[in-house]
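Each chain is listed here by its residues.
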Amino acid sequence: MLVLKFGGTSAVSQEGIKNIIDVLNDAEHRGNVPVAVVSAFSGVTSDLVTLARTAADGQDYNRLLQALEKRYNDYAEKFLKSSERKIAEDGIKSDLAELSKILDGISLLRELSDRSLDMIKSFGERLSAFLFAQIITTNGIKSAFLDLRTLIKNEITQKETADNIRAFFKGSKKTLQVVNGYTSKTVRDGSNLTAAVFASALGAKKLEIWTDEGGLFTADPKYVKNAMCIDEISYIEAMEISHFGASAIFPPSIKPALDKGVSVVIKNTFNSSAAGTRIVKNAVAGKYPVRGISSISDAALIRLQGSGMVGVAGFSARVFGALARKHISVMLITQSSSEYSICFAVVPEEVQSAQLILQEEFSAEIHSGSIEKPIAEKDLSIIAVVGSAMKSTAGISGKFFHALGRNGVNIVAIAQGSSETNISAVISKHDGGKALNAIHDAFFFANHRSVNLFLIGAGNIGGTLLEQIADNREKLANRDLINVNLIGAAAWDKMLFSLDGLDPKKTKEMLNKKGKVAGTEEYKLASFIERMASFNLPNSCFCDCTASEDVAASYEKILRHSIPIVTPNKKANSGSLDYYRKLTSYSRERGIPYLYETTVGAGLPIISTLRDLFLSGDRITRIEAVPSGTLSFIFNNFDGSKPFSALVREAKAKGYTEPDPRDDLNAMDAARKALILAREIGLPLEFSNVKIEPILPPACLKAKDVDSFFRELEKADGSFEKRRAQEAAKGNALRYVVVIEDGKAKLSLRGEPAGSPFRSLVDSDNIVVITTERYSKLPMVIKGPGAGAQVTAGGIFADIVRTARTLV
C-alpha cells in the first residue's frame, strides 16, 4: 500500500497532470494507492489570505472572490469535458458560496480570528482536491473527493483520527480517495502531515511526496548549479537542513509516518524516473562527510554584552524568556566563553520588537551601565553544513572555515550543536551565494577545482591565452578535474560578461573587431572591476594581460575583494617599493594568490625558484641574467656578419621588439625585470637604485620617429662594430647582462668568455644564473625561451591553474 501527496504546483499544468496519471498507472502504483492528498493549487492560499484580510478591513472583496472562481473554472475548462465540467463548476460554486458567507461575517465584525483564517485557507485545499479528483477520473482513474473534515473532530494527530481513517478504509476500496490537506495556524506543512497521518493509520509501505523540487538537495539549486539530490537522509539531518531554509519539506510533518516505520520519499512530478530523497530514521553513511548545506538568506543578529552578564545565573533564561513571551523565535544562539556577550539570530521583521523587549527586561542593568543596549546587525545570512557523520570525521570545521576564508567571506558568528550534526556561521547577506558555492565545492567536489576567470587584454599575449584556454580546458577538466570558466573579458574599447561562461575563441574575435559589436559594452576599467566584484563568485581570478599602469594600480583594490591576480604586467612589481610590499604582504597574510611568474622570463620558472630558495633559508649571493628576449636575440647574433642596425631591424620584423625598438633598447624593460628579481630576494630597492648602462647613443633616443631612429642607429653601426671587434679579439662576445650582488642591481654590456653560460644562448633565449650558499661552486642555471606569445601565455595559463590548486 502506498500513500501519495501532490504539491500545489504538480496539478496545474498539462505536463503535471499527464505525469501524475502516468505515475498512478505504472506497475508500482496501479491498484496500490488508496489515498492521494492534494495541497492547494499554487498561489491559491495567498489569494485566500488576501480575501480574508480585505473582508476584515471592511473593503469590497467580491472582485477577488470572482477572480478565484474564474481561476478554478479555468482549470476545469482546461482539463475536463463539457459534461464533467458542469459537475465541477457546480461544486466550485457551492464551496465559494459557503466561503462568501464566512467573508460576510468577517466583514461585519471587522475581525479575523486565527480560527476564521484557518477555515478560509482550508477552501484552497478543499477546492483543489475536489477538482483534482474530477480531473484524474476523467483520465481513467476512478477516484472520489474525501473531505478530511469528516474524519477529524479536533486535531489531526489525535488517535481518534487514525481510528476514523481505518474505519473508513475497512474492507476493499477500489476508488482512489483524494483528500484535502489539513490547515491550522498551529500546524506547518499541513498537507504533508495529512499524508503522513493516513500512511501511519493505514500501515502503508511507503509515503511518496511529489513536488516540483523532487527531493532535498546538497545545496539550493537556485544558487549552486552543481547541487545534487540527496538519495537518503536521516530524520534528524532533515530537521537540521529544513531549519536552515530547505523548503521541500518540514520534517515534523512526516514524523507520524516515520514513527510507524513507513518510509518517506520525496519525488519530482516532472521527472518521475528520478530516485528522489528517502527520509529514514537512521540513514546509512554517505560517500561525503556532510549530507548537505543549507542557508537562511535573510537574517539579523542581536547582541547583548557587558560585565553585568559575567557569572550571573539565569541571565540567558531572562533573555530567551522575554523573547518567548512575545512569541519571537530564535534561529541561532552563540555565547562567548567569558560570558561577556551573547548573541542570537532572528528574522529581520522581529528585530525592533526584540530590541525593545530586551531593553525593557534589562532596563535596570542598562541604566547602571553593567549591560549595553542590545545591538542589532542586519543584512546577514546563516549558512550551515549538516551531516550525522560529522561527529566522527576530523577536519570538517577546518574545511568549512577555510572555504569561507579563502574566498574572503567574513564570519560574524559561529554556532555548533552538541550533537555535532550541524556547524553554522552567520555571514554578510552579500556573500551568501559565494559562500554556498565555495563550501559546496569544498565538501562535494573536493577533488575538483574551478576558476572563474576575468581577463583584461586580448592582444598578442591575451589573445594567445584565450586560444590556449579554448584548446585545453576540456582536457584539463577531464584529466585534472580543473574547470576554467571565462566569466568576463575586456580589451581596447569593449568588455563582455556572462555568468554562464564565455567562449574563449569567440570572445577574442569579438574584442578585436573594430567598432561596436553586439553583446559587448564600452570598456571602462572601474566598471570592469566593479562588475567583477559585484558577481561575488567563489574561486574568482583576475588576469591582466596588458602593460597598463592604470590596471596595475588597481591590483590592491582587486586583492581587497579577495580575488587572486595573475599577471605578466611588470608595472606593479617594478613600481614603488611600498606598492610592491603592499601587494605581496596582503597576498601572503590573507592567503590570496598574487602570481606574476611571467613578469620575468616568460614561462620559465624563475620567480618561483627564487622564492623557494629564499623561503627554504638559502642565502642568494649573486644573480646574473639576460632577462630580455629582444636584447638576447640581437647580441646572440651580433657576430660581425651583419651590422647592429640590421639585427635590430630583423628583431623588429620577427616581432621580438615593440613597434618602437627603443622601448626595448633603452633597457627599461630589462631594468624592471632586474628590480623584480632583486625584490624577490629581499632587496629593498627602488627603480632609481638600478644602474643602467645605456645601449644606444643619445641621438638614437632623441630621434623623432622610428624611421629617424633607424637612420641614427645606422650612423652608430661603426661604434658598435668597433666594440664587438675589441671583445672578439679577447675571445669574448658581447652580452647585455643584469648583475644583482651586494645589495645592488646593475645592467651593463660586457664581454663574455667562451666558457660563459651566456655564450650558450640562442635566438631569444633568457638565462638566469643563481649563486647561493648551497649553489656556490656550481650555480643554478635556468635557461629557455624568454619571449614569444605561446610561451608567455603558457606561463600565464599555468599560474591561472595554480590558483585553482590553492583553493583547498
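A brief report on the enclosed structure follows. (Residues numbered from 1 in each chain as written. Predicted model: local features only at pLDDT ≥ 70, side-chain atom pairs only at ≥ 80, totals over all residues. Heavy atoms only, no water.)

## So, the overall build of the protein chain
To be explicit about the condition: For helices the rule is a DSSP run of H or I covering at least 4 residues; for strands it is a run of E covering at least 2, with both sets numbered from the N terminus onward. Note that the radius of gyration is over C-alpha atoms, with the globule rule given as 2.2 Å times the number of residues to the power 0.38. We call a residue buried when its accessible area falls under 20% of the maximum for its residue type, exposed when it is over 50%, and partly exposed in between, using a 1.4 Å probe and counting protein chains only. In this analysis, two residues are considered to be in contact whenever any of their non-hydrogen atoms come within 4.5 Å of each other. Charge counting follows a simple rule: Lys and Arg are positive, Asp and Glu are negative, and His as well as the terminal groups are ignored. All charge positions are set by atom: Lys at NZ, Arg at CZ, Asp at CG, Glu at CD.
A count of helices and strands for the protein chain gives 29 helices and 27 strands. Here the protein chain has a C-alpha radius of gyration of 37 Å; the compact-globule value for 808 residues is 28 Å, and the former is much larger. C-alpha extents for the protein chain along the principal axes are approximately 115 × 70 × 50 Å. When the 808 residues of the protein chain are sorted by exposure, 52% land in the buried category. In the protein chain, of all internal contacts separated by at least 6 residues, the share reaching a separation of at least 24 is 72%. Within the protein chain, the 92 negative side-chain charges are centred at a point lying 2 Å from the centre of the 100 positive side-chain charges.

## What about the nonpolar core?
Counted only if it meets this: Within this scheme, the nonpolar core is defined by two criteria: the residues are buried Ala, Val, Leu, Ile, Met, Phe, Trp, Tyr or Cys, and they are joined through side-chain atoms within 4.5 Å.
Residues Phe 542 and Tyr 555 are the most contacted members of the largest nonpolar core, which totals 80 residues. Of all the elements, helix H25 (residues 668-680) adds the most residues to this core, at 7 residues. Every residue in contact with Tyr 555, bar those within four places of it in the chain, is listed here: Phe 542, Asp 544, Ile 565, Thr 567, Asn 569, Ala 572, Tyr 579, Leu 583 and Tyr 594. Ranked by size, the runner-up nonpolar core spans 51 residues in total, among them Leu 2, Ile 20, Val 33 and Ile 102.

## A look at unusual backbone geometry
Despite not being glycine, Asp 379 has its phi angle at roughly 55°, a positive value. Secondary-structure assignment places Asp 379 in strand E12 (residues 375-386). The class of Asp 379 is exposed, set by a relative accessible area of 52%. Despite not being glycine, Asp 742 has its phi angle at roughly 55°, a positive value. Position of Asp 742 relative to the elements: it lies in the loop between strand E24 (733-741) and strand E25 (744-752). With relative accessibility at 69%, the residue Asp 742 sits in the exposed group.

## What about the packing of helix H15 (residues 460-480) against helix H16 (residues 504-512)?
Selection criterion: Axis angles are defined between N-to-C directions and span 0 to 180 degrees, where every axis is a line fitted to C-alpha atoms and, for a helix, only to the segment in contact. Small angles under 35 degrees read as roughly parallel and large ones over 145 as roughly antiparallel, with 65 to 115 read as roughly perpendicular and the rest as oblique. Two helices that cross are described as forming a left-handed crossing if the nearer one is turned anticlockwise from the farther one by less than a right angle, and a right-handed crossing if clockwise. Note that Gly is not counted as nonpolar here; it falls among the polar residues with everything else outside the nonpolar set of Ala, Val, Leu, Ile, Met, Phe, Trp, Tyr, Cys and Pro and the charged set of Asp, Glu, Lys and Arg.
Contact pair H15 / H16: the axes reach a minimum separation of 8 Å and the direction vectors enclose 160°. The pairing of H15 with H16 is recorded here as roughly antiparallel in orientation. Relative to H16, H15 is oriented so that their crossing is left-handed. From H15, Gly 463, Leu 466, Glu 467, Ile 469, Ala 470, Asp 471 and Arg 473 reach across to H16, where they touch Pro 504, Lys 505 and Lys 508. Class assignment for the residues of the contact of H15 with H16 results in 4 nonpolar, 1 polar and 5 charged.

## Some points on the layout of surface pockets
Under the convention used in this document: Buriedness of a pocket was judged along seven lines, with at least five required to meet protein on both sides within 12 Å; pockets are open sets of points on a 1 Å grid over the protein atoms alone, cavities are sets where a 1.4 Å probe fits but cannot get out, and lining residues have an atom within 4 Å of a point. Grid points are joined across faces, edges and corners, and a volume is the space filled by probe spheres set on the points.
By volume, the largest pocket is sized at about 1200 Å³. Lining the largest pocket we find 44 residues, and of these Ile 461, Thr 546, Ala 547, Lys 570 and Glu 658 sit closest to its centre. For the lining of the largest pocket, the secondary-structure elements that each account for two or more residues are H15, helix H22 (629-636), helix H24 (662-665), H25 and helix H29 (789-805). Examining the composition of the lining of the largest pocket, we find that 4 residues originate from one element, H25, more than from any other. For the lining of the largest pocket, the residue count by class is 16 nonpolar, 19 polar and 9 charged. If you add up the space inside the second largest pocket, you get close to 1000 Å³. Taken together, 46 residues line the second largest pocket, and the ones lying closest to its centre are Tyr 223, Asn 437, Asn 452, Leu 537 and Pro 538. Where the lining of the second largest pocket is concerned, the elements lending two or more residues are strand E9 (292-305), E12, helix H13 (396-406), helix H14 (432-444), strand E15 (449-456) and strand E16 (482-491). Top contributing element to the lining of the second largest pocket by residue count: H14, with 8 residues. Within the lining of the second largest pocket, the residues separate by chemical class into 18 nonpolar, 19 polar and 9 charged.

## Considerations on the packing of helix H3 (residues 62-79) against helix H5 (residues 114-138)
Taken N-terminus to C-terminus, the directions of H3 and H5 make an angle of 10°; their axes are 10 Å apart at the nearest point. One way to sum up the angle between H3 and H5 is to call them roughly parallel. Across the interface between the two elements, Tyr 72, Tyr 75, Ala 76 and Phe 79 of H3 pack against Gly 124, Leu 127, Ser 128, Leu 131, Ile 135 and Thr 138 of H5. Classifying every residue of the contact of H3 with H5 gives 7 nonpolar, 3 polar and no charged.

## Points about the sheet that holds strand E23 (residues 690-692)
Applicable threshold: Here the rule is simple: two strands pair whenever DSSP picks up at least two bridges between them.
Ordered by their spatial adjacency, 6 strands build an open sheet running E23-E25-E24-E22-E26-E27, and the pairing between neighbours is mixed. Across the chains shown, the open sheet's two edge strands, defined by having one partner strand only, are E23 and strand E27 (780-785). Within the sheet, the average angular offset between the axes of one strand and its neighbour, ignoring direction, is 20°. Along the sheet, H25 makes contact with strand E22 (620-626), E23, E24 and E25, crossing E24 at roughly 35°.

## Digging into the packing of aromatic side chains
What counts, and what does not: Put simply, two rings from Phe, Tyr or Trp (the six-membered ring, in Trp's case) pair if the centres are within 6.5 Å, and we call them stacked under 30 degrees between planes, edge-to-face over 60, tilted for the rest. A ring is scored as having a charge over it whenever the NZ atom of a lysine or the CZ atom of an arginine sits within 6 Å of its centre and within 35 degrees of its normal.
Across all of its chains, the model carries 24 aromatic pairs by this definition. Summarising the aromatic geometry, the rings of Phe 454 and Phe 528 are spaced 6.5 Å apart at their centres and angled 90° between planes, so their arrangement reads as edge-to-face. Of the two residues, Phe 454 sits in strand E15 while Phe 528 sits in helix H17 (residues 525-535), which places them 74 residues apart along the sequence. The same class applies to Phe 454 and to Phe 528, which are both buried. An aromatic cluster is present here, built from Phe 454, Phe 497, Phe 528, Phe 535 and Phe 542 joined pairwise through their rings. Geometry around Phe 123 places Arg 126 over its ring, the cationic atom sitting 4.1 Å from the centre. The ring centre of Phe 710 lies 4.1 Å from the NZ or CZ of Arg 649, which sits over that ring.

## Some details on the side chain of Asp 95
Along the polypeptide, Asp 95 turns up in helix H4 (residues 82-109). By relative accessible area, Asp 95 is classed as buried at 14%. Beyond its immediate stretch of four places on either side in the chain, Asp 95 contacts Phe 123, Arg 126 and Leu 127.

## Brief notes about the pairing of E22
Consecutive side chains along a regular strand alternate between the two faces of the sheet. Most of E22 is tucked away, with 5 of its 7 residues classed as buried. As defined by bridge partners, E22 adjoins strand E26 (residues 765-772) across 6 bridges and the pair is classed as antiparallel. Bridge assignment links Ala 625 to a residue of E26, and that residue is Val 768. Across 4 bridges, E22 lies against E24 in antiparallel orientation. What sits directly across from Glu 624, in E24, is Val 739.

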